[in-house]
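As a plain string of letters, each chain reads:
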Amino acid sequence: MLPEVRWDFDPQRAVAALWRVVFIGSDDWQAGRGLPDAASERRCTDLREQQLFRAKDGEVLALYGCREGGEHLLLVGLGDAPRARQWRQGAAKAVACLRERQCKQWCFELAPGAAPDCVAWILDGCLLELYRFDHYRHDVEQKLPASVTIHLLSPSLPEDELESMARQRLVIAQGVALARDLVNEPSNVKTPAYLAQQAWDLAAELGLKATILGPAALKEQGFGALLAVAQGSAQPPRLIVLEYGGGEQDEAPLALVGKGVTFDSGGISLKPGENMDQMKMDMAGGAVVLAVLQTAARLKLPVNLIGVVPAVENMPSGQATRPGDIVMALSGRSIEILNTDAEGRLILADALHWAAQKKPRAIIDLATLTGACIIALGHHAAAVLGSDEGLLKVLQEAGERCGERLWPLPLFEDYREQLKSKVADLKNIGGKAAGTITAAAFLSHFVADCPWAHLDIAGTAWEEQGKPGQPAGATGFGVRLLVDYLLEQASR
Ligand code: BES
Ligand code: MN
Ligand code: ZN
């Protein structure tokens, strides 16, 4: 959840903020440049000479009562070649530092000539850090203030541009917060029906079209692979579809498909107990899809979107699918289920086929699909695979800009060999080798000839420790990436 955020761009009123945050690169610091006034310059001389602060990337220094008006100064180091990442993390660190001081009003002060992009980066870092998921806790000393005021002084941008940039960044951060909230919510609350209700409420609020299929409709229409996953759970499945029409009437939509396993126990191929609680995050792809639809609608982006979230719970029970069972997917292919823990690809098989039938201009799916992805890339990039080189490239560029990195893996025809079954059209596991790729190869059978990109976010959807701009727990990875991609498309 985010606190209520108020903006103020008026230099006069900024004095009300006791803290001024100033960003400074290490070269400027060494040369004695970039401090906001003579009083802070005097105060900093000793610090510099004794090397007590060096304005390194990530370094933060609080100086009490050092400005001419008696305000406090928070110096944020940017290191020697600051890029988006350093600005975002610096702003996030500043907010963390001021929150510790119980401060609800602060002022970011940019040097004359700072690039407009810096404003966006600061706002992102700041808003991402403000997020907390603590409404189940009664003991937190530092509950977030219910509202904060961010003063922003940027001599190089007129007030109306600051205003619209701030609104855009806030709406995006609220999208990230929605995705994080949904993923952090425990699975006893967040059932498939709960996700469907959330989507329904979003649609009502934003004028989106919502279509929700329950078990009876899914059965009637032949979602055999999805139902095979759902059948072990007492929680009935849903197929959630949201449509947003911000583009031309006759323009084919972009389809976003997100894995929505509200809890992945592994099913009969039960997972080990250790860290199984983390599998409440197995609907992170679905959460991103809902959040991107919210954000696109609130920003009135000129695109047509169709968001599809197959929502199921993967549980073992007397009704559960067994290893060796053969089921019929919606596309008509038969699948031998050899491991019930490879469930994501099963529900996506049906959701992708359904989406492809809508003849979208492209499909992008997001899924916490394979542990192998964490082995390959760790937690610093999501894997991207697919059939359309152009789409993969622009997505990767968007990731580079916004700091949600993607890294490509190949999808050679040869990998499909590993999915051949002796008794059905496909089997749902491809053996030890190249787990992330064979999972994607499985999905590739269900997208027809539609341009398609698959993002495996298993390693990036969840942050174990917590870092600047990213408290421990759900990351919302993918929301800023896709919104950045859509903004870039819209500006062409
Ligand atoms: N949801 C998991 C993948 C996962 C693992 C996501 C760890 C995030 C963190 C997925 O459903 C799964 O269990 N995949 C199996 C596939 C295997 C059985 C072929 C895996 O990766 O072990
Ligand atoms: Mn699984
Ligand atoms: Zn899973």
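Source: prediction; values computed, not measured.

Engineer: Can you lay out the coordination of the manganese ion (ligand 2) for me, pointing to particular residues and giving the numbers?
Structural biologist: Coordination of the manganese ion (ligand 2) by the protein comes from Asp264 (OD), Asp341 (O), Asp341 (OD) and Glu343 (OE), over a distance range of 2.0 to 2.2 Å. Each donor residue of the manganese ion (ligand 2) lies on the same chain, and together they follow the pattern D-x76-D-x1-E. Separating the manganese ion (ligand 2) from the zinc ion (ligand 3) is a gap of 3.2 Å, bridged by Asp264, which donates to each. Accessibility expressed as a relative area gives 24% for Asp341, which makes it partly exposed.

Engineer: Could you give me a rundown of the coordination of the zinc ion (ligand 3), with the residues and numbers involved?
Structural biologist: Around the zinc ion (ligand 3), the protein contributes the donor atoms Lys259 (NZ), Asp264 (OD), Asp282 (OD) and Glu343 (OE), which lie 1.9 to 2.4 Å from the metal centre. Metal-centred angles of 78 to 174° between the six donor atoms at the zinc ion (ligand 3) mark the site as octahedral. Of note, the donors binding the zinc ion (ligand 3) are all from one chain and are spaced K-x4-D-x17-D-x60-E.

Engineer: Describe the packing of helix H4 (residues 116–130) against helix H5 (residues 159–184), and please don't skip the residues or the numbers.
Structural biologist: Put simply, H4 and H5 touch, their axes get as near as 9 Å, and they point 35° apart. The two elements H4 and H5 cross, and the hand of that crossing is right-handed. Contact with H4, carried on its side by Pro116, Val119, Ala120, Leu123, Asp124, Leu127 and Leu128, involves Leu162, Met165, Ala166, Arg169, Leu170, Ala173, Val176 and Arg180 of H5 and no other residues of that element.

Engineer: Residues and numbers for the packing of helix H3 (residues 84–100) against H4, please.
Structural biologist: Their axes nearest at 7 Å, the elements H3 and H4 cross at an angle of 45°. With respect to their mutual orientation, H3 and H4 come out oblique. In this structure, the crossing between H3 and H4 has a hand that is right-handed. Counting all contacts with H3, which are made through Ala84, Trp87, Arg88, Ala91, Ala92, Val95, Ala96 and Arg99, the residues of H4 involved are Cys118, Trp121, Ile122, Asp124, Gly125, Cys126, Glu129 and Leu130. Classifying every residue of the contact of H3 with H4 by side-chain character gives eleven nonpolar, one polar and four charged.

Engineer: So what's going on with the environment of Leu346? Residues and values would help.
Structural biologist: Mapped onto the fold, Leu346 is located in helix H10 (residues 344–356). Sequence-wise, Leu346 and Val327 are 19 residues apart; in three dimensions their C-alpha atoms are separated by 9.9 Å. Contact partners of Leu346, with chain neighbours within four places excluded, come to Ala225, Leu226, Val229, Ile335, Ile337, Asn428 and Phe442.

Engineer: Can you lay out the domain arrangement of the protein chain for me, pointing to particular residues and giving the numbers?
Structural biologist: Taken domain by domain, the protein chain holds domain 1 (4–154) and domain 2 (177–490). Between domain 1 and domain 2, the C-alpha centre-to-centre distance is 38 Å. Each partner contributes residues to the interface: domain 1 has 15 residues there, and domain 2 has 17 residues. On the domain 1 side of the interface with domain 2, the three residues burying the most area are Leu128, Tyr131 and Phe133, jointly 45% of the side's total. Here Asp124 and Arg480 are joined by a salt bridge, their closest N and O atoms 3.9 Å apart. Joining domain 1 to domain 2, the criterion identifies six residue pairs in polar contact (both at pLDDT 80 or more).

Engineer: Describe in detail the layout of surface pockets, supporting the description with residues and values.
Structural biologist: Space inside the largest pocket adds up to approximately 1000 Å³. In terms of lining residues, the largest pocket is bounded by 37 residues, among which Lys271, Thr370, Gly371, Ala372 and Ile374 are the most central. The set of elements that each furnish at least two residues to the lining of the largest pocket consists of H10, helix H11 (371–377), helix H13 (435–444) and strand S19 (462–463). When residues of the lining of the largest pocket are assigned to their parent elements, the largest contribution, three residues, is made by H11. Partitioning the lining of the largest pocket into residue classes produces eleven nonpolar, 14 polar and twelve charged.

Engineer: Let's hear about the nonpolar core: which residues, and what values?
Structural biologist: Ranked by internal contacts, the top residues of the largest apolar core, which has 62 residues, are Ile364 and Tyr485. When residues of this core are assigned to their parent elements, the largest contribution, ten residues, is made by helix H9 (residues 284–298). Of all hydrophobic cores here, the second largest spans 51 residues; its members include Val327, Leu419, Leu426 and Phe442.

Engineer: Kindly report on a negative patch on the surface, identifying the contributing residues and their values.
Structural biologist: A contiguous patch of negative charge on the surface is contributed by Glu159, Asp160, Glu161 and Glu163. Take Glu161: it is sitting in helix H5.

Engineer: An account of the side chain of Arg169 is needed here, citing residue identities and associated values.
Structural biologist: Secondary-structure assignment places Arg169 in helix H5. At a separation of 2.9 Å, a polar atom in the side chain of Arg169 contacts the side chain of Gln168. Ignoring any residue separated from it by four or fewer positions in sequence, one finds Arg169 in contact with Ala120, Leu123, Asp124 and Leu127.

Engineer: Summarise the site of ligand 1; cite the residues concerned and give the values.
Structural biologist: Around ligand 1, 17 residues are found, and the nearest of them are Lys271, Asp282, Asp341, Glu343 and Gly371. In this structure, Lys271 approaches ligand 1 through a side-chain N or O atom, which is 2.8 Å from an oxygen atom. At a separation of 2.8 Å, an oxygen atom of ligand 1 approaches a polar side-chain atom of Glu343. More than half of the atoms of ligand 1 fall within 2 Å of the grid points belonging to the largest pocket. Looking at the shell around ligand 1 residue by residue, the classes come out as six nonpolar, four polar and seven charged.

Rules used throughout
Residues numbered from 1 in each chain as written. Chains lettered and ligands numbered in written order. Predicted model: local features only at pLDDT ≥ 70, side-chain atom pairs only at ≥ 80, totals over all residues. Heavy atoms only, no water. Donors = N, O, S within 2.8 Å, 3.2 Å for Na, K, Ca; no water. Buried < 20%, exposed > 50% of the residue type's maximum accessible area, 1.4 Å probe, protein only. Tetrahedral: all angles 85-135°; square planar, octahedral: opposite > 155°, others 65-115°. Axes fitted to C-alpha atoms, helices over the stretch in contact; angles between N-to-C directions. Helix = DSSP H or I, 4+ residues; strand = E, 2+ residues; numbered from the N terminus. Left-handed = near helix turned anticlockwise from the far one by under 90°. Contact = heavy atoms within 4.5 Å. Parallel < 35°, antiparallel > 145°, perpendicular 65-115°, else oblique. Nonpolar A, V, L, I, M, F, W, Y, C, P; charged D, E, K, R; others polar. Domains from an automatic or database assignment. Buried area = accessible area lost by both parts, 1.4 Å probe. Salt bridge = Lys/Arg side-chain N within 4 Å of Asp/Glu carboxyl O. Polar contact = N/O pair within 3.5 Å; in protein donor to acceptor, adjacent residues only side chain to side chain. 1 Å grid on protein atoms, 1.4 Å probe; cavity = no way out; pocket = protein on both sides within 12 Å on 5 of 7 lines; lining within 4 Å. Points joined across faces, edges and corners; volume = space filled by probe spheres on them. Core = buried A, V, L, I, M, F, W, Y, C linked by side-chain atoms within 4.5 Å. Patch = residues over 30% accessible without salt bridge, like charges linked within 9 Å, V, L, I, M, F, W, Y side chains within 5 Å. Areas by Shrake-Rupley, 256 points an atom, 1.4 Å probe, with all protein chains shown as cover. Lys, Arg positive; Asp, Glu negative; His and termini not counted. Charge placed at Lys NZ, Arg CZ, Asp CG, Glu CD. Near = heavy atom within 4 Å. Sits in = over half its atoms within 2 Å of the grid points.

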